[in-house]
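Residue-level structural notes
So the chains spell out like this:
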Amino acid sequence: SELKNIIQGIPKAELHLHIEGSFEPELMFKIAQRNQITLPYKSIASLKKAYKFNNLQEFLDIYYAGAQALLHEQDFFDLTWAYLKKVHSQNVIHVELFFDPQTHTDRRVPFPIVITGIHKALEKAKSEFGISYKLIMSYLRHLSEEEAFKTLESSLPFKHIIDGVGLDSSELGNPPSKFQRVFKASAQQGYQLVAHAGEEGPSAYIWEALDLLKVVRIDHGNRCLDDDALVKRLVEEKIPLTLCPTSNVALKVIQKMEEHPVSEMLKKGIIATIHSDDPAYFGGYMNENYYETAKALHLTLDQIQQLAVNAFKASWLNADAKQKRI
Ligand code: ADE
Ligand code: ZN
């Protein structure tokens, strides 16, 4: 369709992507087989059937189970390379991707194995596709702050290739305040800061992410519209939100795409951006997220362009590189 062609033609930046969430069932079975790991699903079809979620936690349980197949540097390379090839075909030219080291180090896969595999694929995509990238290490919020500190420590030999830290996993009951000290220590190491907030959790968690963690972007942030003072703050301080519409529908953060808050956010002057979160589980990479959102909300071409421009504005590209894209 015309809309699909327009979206394909727009150079895009993806700022909210969990690399473990790009693990397609076919690749998962292939890697599990070569690692002689038995997945808790008999076939690709039965695995795909399990992809029906009522909330974030039901998804996370399956997402962590799938990641068990990843053991060797080559596995992390193959995972990342598959994602980069896919988004290159969708005209994505800049990515800032999350990885969850604790999902792997808790299974005794060493931190250097994880990051080296991911980084080699990013470098290959940079030279072969011209895709620029940043890497964000995300702390798992269902674990303790002490464990996050251990992860920070493990990351230090790789500081030169890590751009920032994030906070993901089970939001409810794990407020940003739990990670105040490790975020401060991460900033002291030179890392930029982001956090998931206001996906399932209340707008109070977004305030905490801003005031206590001092993040420069909010991942999701859907719930900010509950609070006018918070909206004012996001607009005045130009704090971007990295929204993930297909994810929100899949995890029942919203009941249907027509209810997605992105157009209202744009109208209020928030730097709203669109991304895929965990595309292998939610059935949409970048173009599908743009398309489904634009269709359901009747976004204008200007609004679609604005979303793409916002992502470059919100990115951690330097001023020169940004200028070229905006
Ligand atoms: N980890 C992967 N995807 C996530 C999401 N949507 N929310 C929180 N943690 C996640
Ligand atoms: Zn996410």
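It should be emphasised that the depicted structure is a prediction, and the values quoted were computed from it without experimental measurement.

Parameters at a glance
- Residues numbered from 1 in each chain as written.
- Chains lettered and ligands numbered in written order.
- Predicted model: local features only at pLDDT ≥ 70, side-chain atom pairs only at ≥ 80, totals over all residues.
- Heavy atoms only, no water.
- Helix = DSSP H or I, 4+ residues; strand = E, 2+ residues; numbered from the N terminus.
- Donors = N, O, S within 2.8 Å, 3.2 Å for Na, K, Ca; no water.
- Tetrahedral: all angles 85-135°; square planar, octahedral: opposite > 155°, others 65-115°.
- Buried < 20%, exposed > 50% of the residue type's maximum accessible area, 1.4 Å probe, protein only.
- Near = heavy atom within 4 Å.
- Polar contact = N/O pair within 3.5 Å; in protein donor to acceptor, adjacent residues only side chain to side chain.
- Areas by Shrake-Rupley, 256 points an atom, 1.4 Å probe, with all protein chains shown as cover.
- Nonpolar A, V, L, I, M, F, W, Y, C, P; charged D, E, K, R; others polar.
- 1 Å grid on protein atoms, 1.4 Å probe; cavity = no way out; pocket = protein on both sides within 12 Å on 5 of 7 lines; lining within 4 Å.
- Points joined across faces, edges and corners; volume = space filled by probe spheres on them.
- Pairing = 2+ DSSP bridges.
- Axes fitted to C-alpha atoms, helices over the stretch in contact; angles between N-to-C directions.
- Contact = heavy atoms within 4.5 Å.
- Phe/Tyr/Trp six-rings, centres within 6.5 Å; stacked < 30°, edge-to-face > 60°.
- Disulfide = S-S within 2.5 Å.
- Salt bridge = Lys/Arg side-chain N within 4 Å of Asp/Glu carboxyl O.

Some words on the environment of Lys 42
Mapped onto the fold, Lys 42 is located in the loop between α2 (25-34) and α3 (44-49). Sequence spacing of Lys 42 and Gly 9 is 33 residues, and the spatial spacing of their C-alpha atoms is 39 Å.

Topic: the coordination of the zinc ion (ligand 2)
Ligation of the zinc ion (ligand 2) by protein atoms is provided by His 16 (NE2), His 18 (NE2), His 196 (NE2) and Asp 277 (OD), these donors lying 2.0 to 2.2 Å from the ion. Classification of the site at the zinc ion (ligand 2) rests on its four donor atoms, whose angles at the metal span 84 to 175°, yielding the label irregular. Counting along the primary sequence, the residues that act as donors to the zinc ion (ligand 2) give the motif H-x1-H-x177-H-x80-D. Of the two residues, His 18 is situated in strand β1 (residues 12-18) and Asp 277 in the loop between β8 (272-274) and α14 (279-282); the sequence distance between them amounts to 259 residues. By relative accessible area, Asp 277 is classed as buried at 2%.

Considering the site of ligand 1
Around ligand 1, the neighbouring residues are His 18, Leu 56, Phe 59, Leu 60, Tyr 63, Asp 168, Ser 169, His 196, Glu 199, His 220, Asp 277 and Asp 278. A distance of 2.7 Å separates a nitrogen atom of ligand 1 from a polar side-chain atom of Asp 278. Across the complex, the protein chains shield 100% of the 260 Å² of accessible surface that ligand 1 would expose by itself. Take the shell around ligand 1: its biggest share by element is four residues, from helix α4 (residues 56-67). Taken together, the residues of the shell around ligand 1 sort by class into four nonpolar, four polar and four charged.

Observations regarding empty space enclosed by the protein
Under the counting rule described, the total for this entry stands at one cavity of 30 Å³ or more. If you add up the space inside the largest cavity, you get close to 100 Å³. Lining the largest cavity are 16 residues, with His 18, Leu 56, Leu 60, Ser 169 and His 196 positioned closest to its centre. Looking at the lining of the largest cavity, its residues break down into seven nonpolar, four polar and five charged.

Concerning the sheet that holds β1
If you trace the eight strands from one edge of the open sheet to the other, you get β1-β2-β3-β4-β5-β6-β7-β8, paired in parallel fashion. Either end of the sheet is taken by a strand with one partner, and the two such strands are β1 and β8. Taken pair by pair, the neighbouring strands of this sheet meet at an average axis angle of 25°, ignoring direction. The sheet contact formed by strand β4 (residues 164-168) and strand β5 (residues 192-197) spans two bridges and is parallel. Of the residues in β5, the one forming a bridge with Gly 164 is Gln 192. Sheet contacts for helix α5 (residues 73-89): β1 and β2 (92-99); angle to β2, the most-contacted strand, approximately 150°.

Concerning the packing of aromatic side chains
On inspection of all chains with the given rule, the structure shows 14 aromatic pairs. Taken together, a centroid distance of 6.2 Å and an interplanar angle of 70° make the contact between Tyr 63 and Tyr 281 edge-to-face. Of this pair, Tyr 63 sits in helix α4 while Tyr 281 is found in helix α14, placing the two residues 218 residues apart along the sequence. An aromatic cluster of at least three residues, connected via ring pairs, comprises Tyr 51, Phe 53, Phe 59, Tyr 63, Tyr 64, Tyr 281 and Phe 282.

Side note on the side chain of Asn 174
Inspection of the secondary structure puts Asn 174 in the loop between β4 and α9 (180-188). In this structure, Asn 174 is in contact with Arg 141, His 142 and Tyr 205, ignoring residues within four places of it in sequence.

Re unusual backbone geometry
The phi angle at Asn 91 is positive, at roughly 65°, despite the residue not being glycine. By secondary structure assignment, the location of Asn 91 is in the loop between α5 and β2. Its relative accessible area of 23% is what places Asn 91 among the partly exposed residues. The phi dihedral of His 298 is positive, around 50°, even though this residue is not glycine.

As for the state of the cysteines
Simply put, the disulfide is a covalent bond whose two ends are the sulfur atoms of two cysteines. Evaluation of the coordinates by the stated rule reveals zero disulfides. Cysteine Cys 224 is unpaired, with the sulfur of Cys 244 as its nearest cysteine sulfur at 14 Å. Residue classification places Cys 244 among the buried residues on the basis of a relative accessible area of 0%.

Topic: the pattern of salt bridges
Overall, the coordinates contain 14 salt bridges when judged by the stated rule. Glu 128 is the salt-bridge partner of Lys 124, the closest N and O atoms lying 2.9 Å from each other. Note that Lys 124 and Glu 128 are positioned in helix α7 (residues 111-129) at a spacing of four residues, about one turn of the helix. Residues participating in the shared-partner salt-bridge network are Arg 34, Asp 75 and Asp 78.

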